[in-house]
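Results of the structural survey
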Amino acid sequence: MKTIFLGTGSASGIPDPFCSCDYCKKIRELGGKNLRKRSSFLLDDKILLDFSPDIRTQIIENKIDFNKIKGIVLSHTHNDHLDIQELIKIKDSVHVFINEISYEWLNSEIKKGIKPKHQAKLIERTQHLNITPMKNFIPFEFEGFEFTPIEARHTGLNAGELGMNFIIKDKYNSTRLHASDTGVYSEKTFNFIKNYRFDSIVIECTFLDCNKNNVDHLDLKTLKEVLTKLEEFKSINSKTPIIVTHFGHDPMKTHKEIEELVKKLPFNISVAYDSMEYVSPTYNENDDAL
């Protein structure tokens, strides 16, 4: 399961283009792994997980052939994860998967995004967007993958919507928990995922060592809480690769400083950066990893 981390920042990106604080100035000078676009991921060169406002730049910088993209799986409706104006500019047929709660909302927002003079040809202009609703805890198969949406503790833009995380299994039986954005799971979600064994985890840590008491996102303390719970379930162990992503402005940390912070947690954690490629390990029943 190959993944390209197209964007590893939260809503403002890093640096914030509208900010002139000392931190943002420092990040601009450092460049490299410190520069973070909004959240999006490419799975095996054919499935996008989220569709960020930076998608055009991400496609160009990573030399992605968009004709190979078969589907877009959306975690929730916040505009740093779903840019509707860019979505309606897609020209070729693509499947778009969204939480069933936001299915009608997305169709309505797409209509609003189309110029009034083109409204009469709305179906013609959007029929290539095959919008499909997803239901929490109900798996579906697409392009050789099995996706199981699970309920995150992260409110979406649409009324009543909670974000989705995903349990992703590929044809080689490699299983990943993809959790951006998330928050600490409810008991219902924990009870569901405790039956899984994960070969890798991609998870947000938006606030790092900033204690904001924000239930919609994780910091180091709540990240440890979630991972410890998964370890107790034997869903992971100390060797399981865990990649943290979706970093915000407020912690004001460089990439190197983030690496130093996560070393303090008793897990096998690495720090994502834009354009990073990662291939998940394939589960082997003879391994003693889990």
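The following refers to the structure shown. (Residues numbered from 1 in each chain as written. Predicted model: local features only at pLDDT ≥ 70, side-chain atom pairs only at ≥ 80, totals over all residues. Heavy atoms only, no water.)

Let us look at unusual backbone geometry. Omega for the peptide link from I14 to P15 comes to 0°, which places this bond in the cis form. For the bond from S180 to D181, the omega torsion is -10°, close enough to zero to count as cis. Within the fold, D181 resides in the loop between β10 (175-179) and α6 (187-193). Even without being glycine, F137 reaches a positive phi, approximately 70°. F137 sits in the buried class, given a relative accessible area of 16%. (Helix = DSSP H or I, 4+ residues; strand = E, 2+ residues; numbered from the N terminus. Buried < 20%, exposed > 50% of the residue type's maximum accessible area, 1.4 Å probe, protein only.)

Residues S40 and L42 of strand β2 (residues 40-43) are buried on one face, and the alternating residues F41 and L43, pointing to the opposite face, are buried as well. Pairing of strand β1 (residues 2-7) with β2 involves 4 bridges; the strand directions are antiparallel. Within β2, the residue paired with F5 across the bridge is F41. Between β2 and strand β3 (residues 47-49), which pair antiparallel in sequence order, lie 3 residues; one of them, D44, sits at a positive phi of approximately 50°. (Pairing = 2+ DSSP bridges.)

The next point concerns helix α8 (residues 255-262). Each turn of an α-helix holds 3.6 residues, which means side chains three or four residues apart point in the same direction. What α8 keeps buried is the set H255, I258, L261 and V262. Looking straight down α8, one finds its buried side chains confined to an arc of 115°; they lie on one side. Looking at the buried positions of α8, the neighbouring elements they touch are α7 (220-232), β12 (242-245) and β13 (269-271). (Arc of directions from axis to C-beta. Contact = heavy atoms within 4.5 Å.)

Our focus in this paragraph is the packing of aromatic side chains. In this structure the tally under the stated criterion is 10 aromatic pairs. Ring centres 5.5 Å apart and planes at 15° place the aromatic pair F140 and F147 in the stacked group. Assessed through its relative accessible area of 16%, F140 is described here as buried. When its relative accessible area of 0% is taken as the criterion, F147 is described as buried. On the basis of an interplanar angle of 65° and a centroid distance of 6.1 Å, the ring pair of F190 and F233 is categorised as edge-to-face. Here F190 is found in helix α6, whereas its partner F233 is found in the loop between α7 and β12, with 43 residues between them in sequence. Residue classification places F233 among the buried positions, given a relative accessible area of 18%. Chaining the aromatic ring pairs together yields one cluster made of F97, F140, F142, F145 and F147. (Phe/Tyr/Trp six-rings, centres within 6.5 Å; stacked < 30°, edge-to-face > 60°.)

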